Structures are given as C-alpha cells and as structure tokens.
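Examination of the molecular architecture
Here is what each chain is made of, one letter per residue.
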Amino acid sequence: MDPISRRAQVLNNHLTQSPPPTICSLQRSPCLAFFPPELTEKAHFDTAELRKLTDGHNIQDRDWLYGLIVQSKLFNPRVLGGRVFISPNYNQSMEQQREMTMRRILFLLERGVFEGWLTGKGIEAEMRKFAFLEVVGMFDHSLAIKIGVHFFLWGGAIQFFGTKRHHDKWLRDTESYAVKGCFAMTELGHGSNVRGIETITTYDSNTGEFIINTPCESAQKYWIGGAANHATHTVAFSQLNIDGTNQGVHAFIVQIRDKDGNICPSIRIADCGHKTGLNGVDNGRIWFDNVRIPRENLLNSVADVSPDGHYLSSIKDPDQRFAAFLAPLTSGRVTIAVSSVYSSKIGLAIAIRYALSRRAFSVAPNEPEVLLLDYPSHQRRLLPLLAKTYAMSFSANYLKTLYMNRTPELIKTIHVVSSAFKAALTWHNMRTLQECREACGGQGLKTENHVGHFKSEFDVQLTFEGDNNVLMQQISKALFAEYVNAKKRNKPFKGLGLEHMNGPSPVIPSQLSSHTLRNKQFQMDAFCLRERDLLAQFAEEVLKLQSQGQSKENAFMLSYQIAEDLGRAFSDRAILQNFIQVEESATDEPLKGILGLLRSMYALVIMEEDPAFLRYGYLSTTNATSLRKEILVLCKEMRPHALALVDSFGIPAALLSPIAFNWVDANAWSSVQH
C-alpha cells in the first residue's frame with residue numbers, strides 16, 4: 001500500500017471507530033472540617049460541682065485573676081481560629097524573657113494581687129495566695145517561680161525563721177516589692193544535702209557583726225532565682241562557727257544590691273546562663289568575700305547569738321534544731337506538687353479536646369475517618385492519666401489543707417506527706433506531658449500548643465526542693481522509725497496513715513471479678529497489703545544489715561531498692577485514701593458515680609503499672625490479666641465523659657491552645673496573613 005492510501009485508511013479508522021467506554025469523572029472529596037465536640041459530647045454530671053472538688057477553694061478569686069490576665073496585652077494575646085490565646089513569647093531572648101517576667105510581676109502588684117501575701121492573717125489569706133499562684137503558674141512557670149522565690153522562700157524564711165524585729169522591718173517592704181528577695185541555700189557542691197553546705201559565718205563580738213564567707217568554689221551559691229538581675233537581698237544559708245565550734249546551718253539576711261541595682265561591695269554575682277526551661281527566671285551564682293552584716297540579720301526563731309558572742313538555743317539537740325529550722329520550707333514542696341497537677345490538667349485538656357475533633361483512617365471503605373479518642377488504644381493512652389490527674393488533684397488539695405493547719409506536732413507528717421506527693425505528682429506530670437505530646441502527633445511539637453514545651457519548663461520539678469528518688473528514701477526512713485518505735489514499745493501505729501498496720505493483714509482473693517476489682521475496699525486492701533509488707537521487709541533488711549555490723553546509714557543505703565518501692569507504696573496508698581474521702585463526701589449521685597469510675601481507674605492502673613504487685617506476689621499472673629482487661633472496660637466507660645471531665649478543670653480557653661479548638665482555622669492561610 002502506497003503512503004497516500006495508508007494515511008487515508010488511518011484517518012478513516014479514527015473517524016469511523018466506536019467511541020471509547022465512558023470513564024467516571026473524578027469527584028472532589030469533601031475537605032476535613034472542624035466540628036466542635038460540644039455538639040455531640042454531653043455532660044452527665046454537674047461539671048461546676050466537680051470543679052469545686054478539684055480546685056478546692058477560691059473559685060471566684062481564680063476566675064477574677066484569669067480575666068485580669070486574659071484582658072491584658074502584657075500577657076501576649078494572639079488570635080488564632082477566632083479565639084484569643086495567651087502564652088509567653090518564647091522567641092524572645094533570655095534577657096527579654098526575664099524583663100517581661102518582672103514587668104508582669106509589677107502589673108500584678110499594681111492591681112492588688114499580692115495584697116496580704118505576707119501581712120495577711122489566717123487560713124483564708126493563705127488559701128487565696130495559693131490560688132493566685134496556681135493561676136499564674138498556668139500562664140507561665142517562670143512567672144510563678146519568680147513570685148514563689150520572692151514570697152514563699154525569701155518571704156517565708158523571714159516569716160518562719162525570723163522574729164518580730166524581722167517581721168516589722170522586712171515583710172511589708174517585701175509584699176510591696178520595695179525589697180526584692182532571693183533564697184541562697186543551694187551551692188555548687190551541695191543541693192539535697194543542706195547540712196553539708198560549705199559557706200561559713202563567724203561572729204565578731206568587737207563590732208557586733210557576722211562575717212559571711214565563701215571559702216572555696218564548691219561553696220558558691222548556685223541556681224539562686226532572682227540573683228542574676230533583680231534581687232536586692234538574699235537569705236543566705238551558712239554554717240555558723242562560734243568560738244571554733246560549728247553550730248550547724250543558720251540563715252542570715254544579706255543585702256546584695258543597692259537601691260540603684262548596683263552589686264554591693266564584697267559580693268560577686270554571675271549568671272547561671274541559658275537553661276532548657278524557665279528562662280524567664282534570672283538564676284544566678286553568689287560569692288561572699290567576708291561580707292559583714294549586723295548581728296540582728298541572723299534569723300533567730302530557733303537560735304541566736306548574744307552581743308558578746310554566746311550561742312543561745314532552747315533546742316539543745318543539733319538534729320532536732322536542724323529539723324525545726326527546715327520544717328517551714330515544706331511550702332516549696334507544696335507549691336511544686338500543686339503546680340505540677342495544673343500542668344497535667346492543661347496537657348490533658350489539650351490532648352483530649354484534640355482527640356475529640358481530629359480523625360485518622362477509616363475502618364471500612366466510604367466511611368468517615370475515626371475520631372482519635374474512639375480508638376481503644378488512644379483511650380488507653382490518655383484516660384488512665386486523666387483519672388490519675390483527678391486523684392493527684394484531690395491529694396494536692398489535702399496537702400495544702402494539711403500545711404495550712406500545721407502545728408509543731410504535725411511537722412513530721414507534713415515533711416513526709418509533702419515529700420511523697422511532691423515526688424508522685426511531678427513524676428506523673430512529666431509522664432502525662434510526654435504522652436500528651438505524642439498523642440497530639442506533630443502538633444504537639446509546636447510551642448504554641450504547650451504540651452511539648454511544658455516538658456522542658458516543668459522538668460526541673462523532679463529535682464528542685466529535693467531529688468524525687470532521694471525523697472522516696474527519706475519517706476522510707478521515716479516509716480522505718482515509726483515501725484521500730486511501734487514494735488519496741490508494743491504500741492499500735494498512729495499517724496502517717498499507718499493505722500491499717502494495726503489490723504490483720506488483708507487477703508487478696510484468688511480470683512478477681514469485675515465487681516471485686518471495682519470495690520474500694522478491695523483496692524484499699526491491695527494498697528495497704530503492699531505498703532505493710534514492704535515496710536516489714538525494709539525494716540527486716542535494715543535491722544539484719546545492722547546486726548552484721550553495718551551502720552544505720554549504710555544499711556539504709558544498701559536497702560535502697562525496697563526503700564524506693566516502699567516510698568511509692570506509701571504515696572499511692574495516701575493518694576487513694578484521699579480520693580475515697582472526696583468520693584464519700586459527694587452527695588450528688590451522678591457525680592458520685594463518675595468519681596467511683598475515676599477512683600477505680602486510678603487504683604487498677606497503679607496496680608498494673610507498679611511491678612511490686614507481681615514482684616512480691618500480691619497479685620497472681622491470672623489476677624493481673626483480669627485487672628488489665630478491666631482497665632479496657634473502664635476506658636470504654638470513661639470515653640463518653642472525657643470532654644466533661646476536662647471541662648471540669650475550669651481552665652479558660654485562652655490558657656489552652658489552638659489544637660484544643662478549631663485547629664483547621666487556626667492553621668488556615670488567613671491566620672498566616674493576619
């Protein structure tokens with residue numbers, strides 16, 4: 001076939017062939033949109049009543065301060081997704097963050113927030129102070145720490161270590177910030193071991209002055225909040241040497257800057273530098289080069305030095321004197337424990353709200369994607385932490401009440417309980433923030449969404465005011481002393497919640513039904529069995545080591561594994577006990593029901609997570625399996641209440657983050673242009 005004929009045939013085939021089969025046109029899938037969970041998630045109990053139980057006190061005062069902060073431009077408001085959110089600007093330099101912290105303090109001062117914090121009288125004034133500090137800490141941990149150092153540490157030292165002459169001279173000026181205080185206890189070489197600090201103070205009877213000196217580099221005061229930039233005075237902790245005899249650690253008021261902010265003679269101050277968090281706090285280092293201060297600057301509620309140089313104290317035993325001296329410092333542990341709970345609340349409110357509007361994957365073709373919180377695995381990640389946070393919240397309130405009603409007879413109890421709850425609540429907070437960060441996926445990495453950044457801001461809580469692992473061992477030492485005294489005197493246990501040791505040992509059933517697992521008596525029996533058995537084992541091991549020639553301190557040190565297990569057992573039992581008391585105080589049946597659900601979740605998760613229940617045989621493997629299955633059922637039952645439970649925290653939307661609400665609009669192009 002010639003080329004012309006071939007070309008004509010190709011054209012004919014194109015023109016006469018049947019059309020190809022019709023292909024379905026592509027249809028556009030609808031874009032994801034944000035649907036407020038409030039449209040489908042309804043509360044089945046009174047959220048306002050539950051908030052009263054979790055906040056515990058001063059609800060109206062808290063709401064007033066929330067409003068004051070949210071409405072001020074000083075607190076860095078930003079509009080995203082049609083809502084106002086406030087948080088510090090972490091893009092600022094360290095120096096800028098510190099100055100903003102001080103400006104916010106002065107803003108709060110001018111509006112009367114600190115009125116009565118040191119000069120007010122009674123439990124009502126104390127509780128209001130705690131409530132305001134908790135609100136401030138939800139906005140910015142740096143701001144809360146800077147305020148806490150000034151009022152609770154510097155101001156608290158003057159209140160509790162000082163006498164009338166100190167109160168009259170310093171408290172009102174501290175409350176008005178005419179004096180800016182800091183607290184110089186920690187040294188480069190000594191943190192938890194306060195008795196080992198190396199700063200030395202002597203007395204010159206010729207001039208009536210104390211002379212404070214930093215004898216070596218390891219004695220420099222370290223991590224002193226407020227020292228690097230703003231503090232004018234400090235309470236300096238030092239060994240007191242009188243006529244060649246070391247009388248132990250005492251506290252002295254020392255001026256470190258003049259009214260113009262210039263560092264005083266014989267004082268050297270250096271910056272601790274940039275930190276992984278809390279860069280709004282100006283942590284500094286202090287050296288004292290034979291600084292002379294008046295004799296009256298010794299805080300003398302426990303001991304004094306006469307004008308002619310004689311040491312005076314009604315407490316002759318050095319150990320008792322040291323204990324009395326440090327007893328008031330438990331306020332630091334109280335505030336740390338409480339603030340860690342509020343951090344957990346924010347993390348969970350954000351992560352759970354996000355999980356109630358964010359979807360991922362379909363379980364069948366042409367079906368909508370599934371809400372994150374409808375996945376059993378996601379429920380298992382977040383809902384047990386939510387129940388534990390409620391448990392921690394009730395115990396934080398108990399701790400505040402215990403501290404507010406302190407008496408000399410309660411010093412030991414407050415020390416032990418504050419140590420236990422500070423450790424338990426801060427450990428829980430860090431685990432909660434990590435899980436919330438992961439549960440939010442990539443959004444959890446954004447600073448504006450809080451949960452990721454909070455980890456670096458609150459990590460310090462695990463070690464300041466006492467390393468948590470050291471606190472666990474201190475608790476066990478105190479329990480050991482109670483155990484030995486009770487056995488030696490053949491008297492019943494009394495105090496620290498150890499009364500359960502007086503009865504017969506609880507027996508765990510060989511098979512655990514769902515009804516039994518949820519029974520509060522069974523739960524308390526299981527926790528008490530663990531505590532009493534570990535206490536007996538710990539005492540037996542320590543006493544055995546002592547009988548073999550070990551000193552008591554060495555015996556404690558060698559028994560640290562049981563000591564830490566015992567410390568956790570004491571903490572968990574006390575927290576469960578507080579939860580049951582709150583539950584039994586509730587009169588509203590729907591609220592009582594949700595509290596029972598949360599309490600069961602808390603108790604069973606602790607039993608599942610702590611290896612001690614299996615390690616020491618309190619649970620069989622069969623019972624452990626039953627317990628694990630019951631937790632999944634509890635998750636399913638908690639799921640319909642998830643939104644109401646985080647709403648019951650009473651946290652204003654502005655203190656949460658964009659992903660807790662309309663995360664689509666918050667990330668829209670229009671928000672970039674704005």
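Predicted, not measured: the structure shown is a model, and the values here were computed from it. In this numbering scheme, every chain counts its residues from 1 along its sequence in written order. Totals for whole chains, interfaces and linings use all residues, but because this is a predicted model, local features are given only for residues with pLDDT of at least 70 and pairs of side-chain atoms are given and counted only at 80 or more. The basis for every side-chain value is the complete set of non-hydrogen atoms in the structure, without hydrogens or water.

**Topic: the overall build of the protein chain**
How we decide: Only runs of H or I of at least four residues qualify as helices and only runs of E of at least two qualify as strands under DSSP, and these elements are numbered from the N terminus. Each residue gets one of three labels from its accessible area relative to the maximum for its type: buried under 20%, exposed over 50%, partly exposed in between, using a 1.4 Å probe on protein chains only. Residue contacts are defined here by distance: any two heavy atoms, one from each residue, within 4.5 Å place the two residues in contact. Computed by Shrake-Rupley with a 1.4 Å probe, the accessible areas treat only the displayed protein chains as cover when residues are assessed. Charge counting follows a simple rule: Lys and Arg are positive, Asp and Glu are negative, and His as well as the terminal groups are ignored. Working definition for charges: the position is that of NZ of Lys, CZ of Arg, CG of Asp or CD of Glu.
Each helix and strand counted, the protein chain has 23 helices and 15 strands in total. Along the first, second and third principal axes, the C-alpha set of the protein chain runs to 130 × 70 × 55 Å. When burial is assessed residue by residue, the protein chain has 55% of its 674 residues classed as buried. Nonlocal contacts in the protein chain, meaning residues at least 24 apart in sequence, comprise 74% of its contacts between residues at least 6 apart. Only carbon and sulfur atoms are counted for the fraction: they give 53% of the accessible area of the protein chain, which is about 30200 Å². Averaged over its 71 positive side-chain charges, the protein chain has a centre that lies 2 Å from the centre of its 68 negative ones.

**Let's talk about the UniProt feature "domain: Acyl-CoA oxidase/dehydrogenase middle" (unreviewed entry) in the protein chain**
The criterion, for reference: UniProt positions are given in the numbering used here, feature names are shortened, and annotations may be inferred rather than shown by experiment.
With numbering matched to this structure, UniProt assigns "domain: Acyl-CoA oxidase/dehydrogenase middle" (unreviewed entry) to residues 182–291. The span residues 182–291 is 0% helix and 46% strand, and its two end C-alpha atoms sit 17 Å from each other.

**Notes on the side chain of serine 340**
With respect to the secondary-structure elements, serine 340 resides in helix α9 (residues 330–355). Note on serine 340: relative accessible area 0%, which makes it buried. Apart from the residues within four sequence positions on either side, serine 340 is in contact with Leu425, Thr426, Asn429 and Gln461.

**A look at the sheet that holds strand β10 (residues 283–288)**
To keep things clear, this is the line we draw: Between any two strands, at least two bridges found by DSSP are needed for them to pair. Interaxial angle, 0 to 180 degrees, is taken between N-to-C directions of lines fitted to C-alpha atoms, where a helix line uses only the stretch in contact.
Judged by pairing direction, the sheet is antiparallel, and its three strands sit side by side in the order β6-β10-β9 without closing on themselves. One side of each edge strand has no neighbouring strand; the edge strands of this open sheet are β6 (221–225) and β9 (267–271). When strand polarity is set aside, the average angle formed by the axes of neighbouring strands in this sheet is 35°. The pairing of β9 with β10 spans five bridges and is classified as antiparallel. Its bridge partner lying in β10, isoleucine 267 is registered against phenylalanine 288.

**Digging into the packing of aromatic side chains**
Here the distance between the centres and the angle between the planes together describe a pair of aromatic rings. Put simply, the rule reads: In summary, the pairing rule links any two rings of Phe, Tyr or Trp, Trp by its six-membered ring, whose centres are within 6.5 Å, and it sorts them by plane angle into stacked for under 30 degrees, edge-to-face for over 60 and tilted for everything else. To sit over a ring, a charge needs its Lys NZ or Arg CZ within 6 Å of the ring centre and within 35 degrees of the ring normal.
Enumeration over the complete set of coordinates arrives at 31 aromatic pairs. A ring pair is formed by phenylalanine 538 and phenylalanine 556, whose centres lie 5.9 Å apart and whose planes are at 20°; its orientation type is stacked. A residue pair is termed long-range when its members are at least 10 positions apart, and phenylalanine 538 in helix α15 (residues 520–547) and phenylalanine 556 in helix α16 (residues 552–558) qualify at 18 residues. The same class applies to phenylalanine 538 and to phenylalanine 556, which are both buried. Taken together, the ring pairs connect Phe114, Trp117, Phe130, Phe151, Phe152, Tyr177 and Tyr403 into an aromatic cluster. The lysine or arginine in question, arginine 358, covers the ring of tryptophan 663, its NZ or CZ lying 5.8 Å from the ring centre. Positioned above the aromatic ring of phenylalanine 527 is the side chain of arginine 530, whose terminal nitrogen or guanidinium carbon lies 5.4 Å from the ring centre.

**Observations concerning the state of the cysteines**
Selection criterion: What counts as a disulfide here is a pair of cysteine sulfur atoms lying within 2.5 Å.
What the rule picks out here adds up to zero disulfides. For cysteine 440, which is in no disulfide, the shortest distance to another cysteine sulfur is to cysteine 436 and amounts to 6.5 Å. Cysteine 440 sits in the buried class, given a relative accessible area of 3%. Of all cysteine sulfurs, the one in cysteine 436 lies closest to cysteine 635, which takes part in no disulfide; the gap is 14 Å. Looking at cysteine 635, the relative accessible area reads 2%, which means it is buried.

**Considering the pattern of salt bridges**
As a reminder, the rule being used: Salt-bridge detection follows one rule: a side-chain nitrogen of Lys or Arg within 4 Å of a carboxyl oxygen of Asp or Glu.
Counting across every chain of the model gives 40 salt bridges. The partner of arginine 195 in a salt bridge is aspartate 319, with the nearest N and O atoms 2.9 Å apart. In this pair, arginine 195 sits in the loop between β3 (181–184) and β4 (200–204) while aspartate 319 sits in helix α8 (residues 318–326), placing the two residues 124 residues apart along the sequence. Relative accessible area serves as the criterion here: at 46%, aspartate 319 is assigned to the partly exposed category.

**A closer look at the packing of helix α10 (residues 376–404) against helix α18 (residues 589–609)**
Our working rule: Oblique is the label for any angle not covered by the other classes, which are roughly parallel (under 35 degrees), roughly antiparallel (over 145) and roughly perpendicular (65 to 115). Charged means Asp, Glu, Lys or Arg here, nonpolar means Ala, Val, Leu, Ile, Met, Phe, Trp, Tyr, Cys or Pro, and polar covers whatever is left, Gly included.
For the pair α10 and α18, the least separation of the axes is 8 Å and the interaxial angle reads 105°. Judged by the inter-axis angle, α10 sits roughly perpendicular to α18. Facing Arg380, Leu383, Pro384, Ala387, Lys388, Tyr390, Ala391 and Phe394 of α10, the residues of α18 in contact are Leu595, Leu598, Met601, Tyr602, Val605, Ile606, Glu608 and Glu609. Here the residues of the contact of α10 with α18 are counted per class, giving 12 nonpolar, no polar and four charged.

**Points about the environment of threonine 426**
You can see threonine 426 is positioned in helix α11 (residues 411–439). Classification of threonine 426 by relative accessible area gives buried; the value is 1%. Linking threonine 426 and leucine 462, residues 36 residues apart in sequence, is a C-alpha distance of 6.0 Å. With near-sequence residues (within four places) excluded, threonine 426 lies in contact with Ile336, Ser340, Phe421, Gln461, Leu462 and Asn468.

**Observations concerning the pairing of strand β1 (residues 77–80)**
Consecutive side chains of a regular strand alternate in pointing toward one face of the sheet and then the other. Here β1 runs beside strand β2 (residues 83–86); their pairing, made up of four bridges, is antiparallel. Paired with leucine 80 across the two strands is arginine 83, which belongs to β2. What sits between the antiparallel neighbours β1 and β2 is a turn of two residues, in which glycine 81 has the positive phi angle 60°.

**Overview of a positive patch on the surface**
Condition: For patches, a residue must show more than 30% relative accessible area and have no salt bridge; joins then use 9 Å for like charges and 5 Å for nonpolar side chains, namely Val, Leu, Ile, Met, Phe, Trp and Tyr.
Taken together, Lys488, Arg489, Lys491 and Lys552 make up a surface patch of like positive charges. Summarising the element assignment, arginine 489 is placed in helix α13 (residues 468–489). Note on arginine 489: relative accessible area 60%, which makes it exposed.

**Describing the nonpolar core**
Short version of the rule: Buried residues of nine kinds, namely Ala, Val, Leu, Ile, Met, Phe, Trp, Tyr and Cys, make up a nonpolar core once their side-chain atoms join them within 4.5 Å.
Among the nonpolar cores identified, the biggest contains 211 residues, and Leu108, Ile147, Phe237, Ile352, Leu386 and Met607 are the most heavily contacted of them. Here this core gets 14 residues from one element, more than from any other, and that element is α10. Those residues in contact with leucine 108 that lie beyond four places of it in its chain are Leu65, Leu68, Phe75, Val113, Phe114, Val136, Leu143 and Ile147.

**Things to note about the environment of alanine 642**
As for its position among the elements, alanine 642 is in helix α21 (residues 642–647). Along the sequence, alanine 642 and serine 419 sit 223 residues apart, while their C-alpha atoms lie 31 Å from each other. If we skip the residues at most four places from it in the chain, alanine 642 touches Ile352, Leu373 and Leu383.

**Description of the packing of α18 against helix α20 (residues 621–638)**
Counted only if it meets this: The hand of a helix crossing depends on one turn: near helix anticlockwise from the far one by less than a right angle means left-handed, and clockwise means right-handed.
Relative orientation of the contacting elements α18 and α20 amounts to 150°, with a least axis distance of 10 Å. Two packed elements cross with a definite hand, and for α18 against α20 that hand is left-handed. Contacts between α18 and α20 involve Leu597, Leu598, Ser600, Met601, Leu604, Val605, Met607 and Glu608 from the former and Leu627, Arg628, Glu630, Ile631, Leu634, Cys635, Glu637 and Met638 from the latter. Here the contact of α18 with α20 is built from residues that sort into 11 nonpolar, one polar and four charged.

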